[in-house]
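Structural description and commentary
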Amino acid sequence: MAEVQHADVVIVGGGSAAHESAVAAKYYGADKVILLEKAPESQSGGNARFSGTGFRWAFDLDDLREITDTSVEDFANVVVKPYSAELFKADLNRVSQGRMDPEIVDVLVDDSNMAIKWAKEMGIEWVLQPGFEKNGKRYLTSAGVEIHPRNLGDGMTNGLSQLKQWDTIAERLGVEKRYDSKVIGFIGDELGIEGVRVNGPDGEYEIRAGAVIVAAGGFQANPEMRAKYLGPNADLMKVRGSRHNTGEVLKMLLALGVMPSGHWQTGHATPIDGTAPIVESGDDVNRYIYPWGVSLDVNGKRFFDEGEAESAYTYAKTGWAVQRQLMSRAFWFGDSRTWEQSPTFPLWHRPDTAIWADSLEELAQIVGLDPKAVRATIDEFNAAIDTSIPFNRDERDGRHTVGLTPDKSNWAQAIEKGPFYVIPVTGGLTFTFGGVTINRDSQVIAVGGKPIPGLFASGDILGIFFHNYPAMTGQTRNLVFGRRAGQNAAALVAKAMA
Ligand SMILES: Cc1cc2nc3c(=O)[nH]c(=O)nc-3n(C[C@H](O)[C@H](O)[C@H](O)COP(=O)(O)OP(=O)(O)OC[C@H]3O[C@@H](n4cnc5c(N)ncnc54)[C@H](O)[C@@H]3O)c2cc1C
């Protein structure tokens, strides 16, 4: 017989959604809260560990200044627009092609401001994104994504900074955290969940609990599930984040009768350096400079509209555009002018790995493309630009090409001012969109539509996104639904004890 332990609330997972859920459960009154992380401590923390953890939220300018403790004088030098709840909802609905559950959109957006403030109250320190400097002013131009948790120390990415901050808060509140503790089963069924089975450092045991919150991430690091759900050769795809997001908790929940939702045949995938490692490549290999130049496939042809919108609204689907090319390879070409014009802030940075040469033909040869094909495509592109429209880096300028397939909708500029660069890229999977259904209280829903008593969820394991994603919504989703999961789990436990 396996040992049986008891808790009020058990959290399955060790990433940001798990920490936020655990802190909320404690804060809202649960006594014994245990967080179970499958990974050893040295590899713990899920995807946030590899990320810049920017947060998208609805704010006005006073909110932004106050949440980041920026003085009135310093804030006077910041050029930034407010981001309303209406804009946030419109962005979600547009990029998901209207497929998101309207109730989930409402909760995610309407809670975002309060949840960011709640996180500050818990102890999270927020800072402004770096933006870029121009004429003594600091420009923050990516609507809605202007904050991230403070970077705590030398060499520490913001992701680790955020996790460390949540970890400290969780410890202060008394959350018990266990590493090397893989959840291998649920106790109960769709009529009610009463606990989990754990494979821990000392063997198997059970935890009986008043509520269980699942925050075990997506299935992006599982090649079998990638092949099954994401299409041809997705099993070979490179993964940007944690190796531990292998989807077994999601499989257990589906077997239990949980209602699947979200876009199972896709996920968040961005262009990353062609030489990136196959897993845990993080933000250093992001290659998001494509809106400024042209993007060619292995035949030297353009294959998507690089200027459809700011990369914050296209990067999460551009990884797929690259992945679907022959050999899952593509090439970002540009010249010294597009390089200068591209924004410099870290996530969209100008990579050291760009290859430079005095001619496009030379570059084509270096990366194994047909120099004549590259020359012909770029000549045709240069000739198709409507030069009557002025170029403006800081907004969608409508400076487009005419008569190409595909056309470039914004920021079209002749690639003609040497030296020239090329950046070989491939697709990098960030997280998957297929997952479990929840309601506004973060309760997990069974096939048929009823909530499963005692079971809550947050994070990448939720199936809420479709097609594409506005940058930095994942962390906000974790916080909003993690806070609700923790609060409702604590309330359920309190009710059972009353
Ligand atoms: C490079 C990169 C950059 C990103 N940048 C941003 C950004 O700036 N802003 C943003 O909003 N989003 C960003 N994201 C996405 C965001 O990081 C994720 O959406 C988010 O971290 C998911 O959090 P999560 O807690 O749901 O899952 P994860 O962080 O993936 O955590 C899942 C956890 O569950 C554990 N686990 C899995 N199975 C089990 C099991 N059987 N038992 C126990 N534990 C288990 C795993 O070990 C892991 O700790 C980025 C992602 C990456 C990879």
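For clarity, every value in this text was computed on a predicted model and none was experimentally measured.

Reading guide: rules and limits
- Residues numbered from 1 in each chain as written.
- Predicted model: local features only at pLDDT ≥ 70, side-chain atom pairs only at ≥ 80, totals over all residues.
- Helix = DSSP H or I, 4+ residues; strand = E, 2+ residues; numbered from the N terminus.
- Rg over C-alpha atoms; globule rule 2.2 N^0.38 Å.
- Buried ≥ 20, exposed ≤ 12 C-beta atoms within 10 Å, placed from the backbone.
- Contact = placed C-beta atoms within 7 Å.
- Axes fitted to C-alpha atoms, helices over the stretch in contact; angles between N-to-C directions.
- Left-handed = near helix turned anticlockwise from the far one by under 90°.
- Nonpolar A, V, L, I, M, F, W, Y, C, P; charged D, E, K, R; others polar.
- Expected span 1.5 Å × (residues − 1).
- Pairing = 2+ DSSP bridges.
- Near = placed C-beta within 6 Å.
- Core = buried A, V, L, I, M, F, W, Y, C linked by C-beta atoms within 7 Å.
- Parallel < 35°, antiparallel > 145°, perpendicular 65-115°, else oblique.
- Right-handed = clockwise from strand over helix to strand, strands pointing away.
- Domains from an automatic or database assignment.

Moving on: the overall build of the protein chain. Each helix and strand in the protein chain was counted, giving 13 helices and 21 strands. Compactness check: the protein chain gives a C-alpha radius of gyration of 23 Å against a globular reference of 23 Å for 498 residues, within 12% of the reference. When the backbone C-alpha atoms are referred to their principal axes, the protein chain occupies close to 75 × 55 × 40 Å. Every one of the 498 residues in the protein chain was classed for burial, and the buried ones make up 52%. Put simply, of all contacts in the protein chain between residues at least 6 apart along the chain, 75% involve residues at least 24 apart.

We now examine the packing of helix α4 (residues 85-95) against helix α5 (residues 102-122). Where α4 contacts α5, the two axes come as close as 10 Å, and the packing angle between them is 145°. Our pair here, α4 against α5, has a crossing hand that is right-handed. Here A85, F88, K89, L92 and N93 of α4 lie close against α5, whose contacting residues are V105, V109, D110 and S112. Class assignment of the residues belonging to the contact of α4 with α5 gives a composition of five nonpolar, two polar and two charged.

This part is about helix α13 (residues 474-497). The first and last C-alpha atoms of α13 sit 34 Å apart over 24 residues, in line with the 34 Å expected at 1.5 Å per residue. A large share of α13 lies buried, amounting to 19 of its 24 residues.

You can see S359 is positioned in the loop between β17 (355-357) and α11 (360-366). Measuring from C-alpha to C-alpha, the distance between S359 and F420 comes to 6.3 Å, with 61 residues separating the pair along the chain.

Here we take up the sheet that holds strand β6 (residues 137-139). One open sheet accounts for three strands, arranged β3-β6-β5; its pairing is mixed. In the strand order of this sheet, the two ends are held by β3 (78-79) and β5 (132-134), each with one partner. Note that β3 and β6 share two bridges and pair parallel. If you follow V79 over to β6, its bridge partner there is Y139.

The local shell around the ligand holds 43 residues, among which G15, G46, G241, G459 and G474 are the closest. Listing elements by their share of the shell around the ligand, those giving two or more residues are α1 (16-27), β9 (182-189), α8 (248-256), β18 (420-432) and α13. Of the residues in the shell around the ligand, the class split is 13 nonpolar, 23 polar and seven charged.

Further remarks concern the environment of V212. Residue position: V212 is located in strand β11 (residues 203-214). On the neighbour-count criterion, V212 (28 C-beta atoms within 10 Å) is buried. Those residues within four positions of V212 in sequence are excluded, and the remaining contacts are V10, V12, I193, G195, V196, G454 and L455.

Among the nonpolar cores identified, the biggest contains 134 residues, and V9, V10, I11, V12, I213, A457 and A489 are the most heavily contacted of them. In terms of residue count, α13 provides more of this core than any other element does, eight residues in total.

Attention now moves to the packing of α5 against α13. Remark: α5 packs on α13, axes separated minimally by 9 Å, with the N-to-C direction vectors making an angle of 85°. Relative to α13, the element α5 lies roughly perpendicular. Where α5 abuts α13, its residues V107, L108, D111, S112, A115, W118 and A119 lie against T476, R477, L479, V480 and R483. Of the residues contributing to the contact of α5 with α13, the split by class is seven nonpolar, two polar and three charged.

This part is about the pairing of strand β1 (residues 3-12). Note: β1 against β11, nine bridges, orientation parallel. Bridging across to β11, V4 finds its partner in E206. When β1 meets strand β2 (residues 33-36), the two strands line up parallel, connected through four bridges. Bridge assignment links V9 to a residue of β2, and that residue is V33. Since β1 and β2 lie parallel, the crossover through α1 that links them has a hand, and here it is right-handed.

Attention now goes to helix α6 (residues 158-173). With 16 residues, α6 extends 22 Å from end C-alpha to end C-alpha; this agrees with the ideal 22 Å at 1.5 Å per step. Listed in full, the buried residues belonging to α6 are N158, G159, L160, S161, Q162, L163, W166, D167, I169 and A170. In this structure, the buried side of α6 is in contact with α1, α5, β7 (147-149) and β8 (176-178). Immediately beyond the C-terminal end of α6, within one or two residues, lies G174, with a positive phi of roughly 100°.

The subject of this paragraph is the environment of P149. Turning to its location among the elements, P149 is positioned in strand β7. Given 27 C-beta atoms within 10 Å, P149 falls into the buried group. With sequence-adjacent residues up to four places away left out, P149 is seen in contact with T53, I124, E125, W126, N158, S161, Q162 and Q165.

This brings us to the domain arrangement of the protein chain. Domain annotation for the protein chain reports domain 1 (3-262 + 433-497) and domain 2 (269-428). Domain 1 and domain 2 are separated by 32 Å when their C-alpha centres are compared. Counting residues at the interface gives 25 residues for domain 1, matched by 25 residues for domain 2. When grouped by side-chain class, the residues that make up the side of domain 1 that touches domain 2 number 11 nonpolar, 11 polar and three charged.

Of all the seven residues making up strand β14 (residues 267-273), seven are buried; the element is thus mostly covered by neighbouring parts of the structure. Here β14 runs beside β18; their pairing, made up of seven bridges, is antiparallel. Its bridge partner being in β18, A269 is matched across the sheet by L429.

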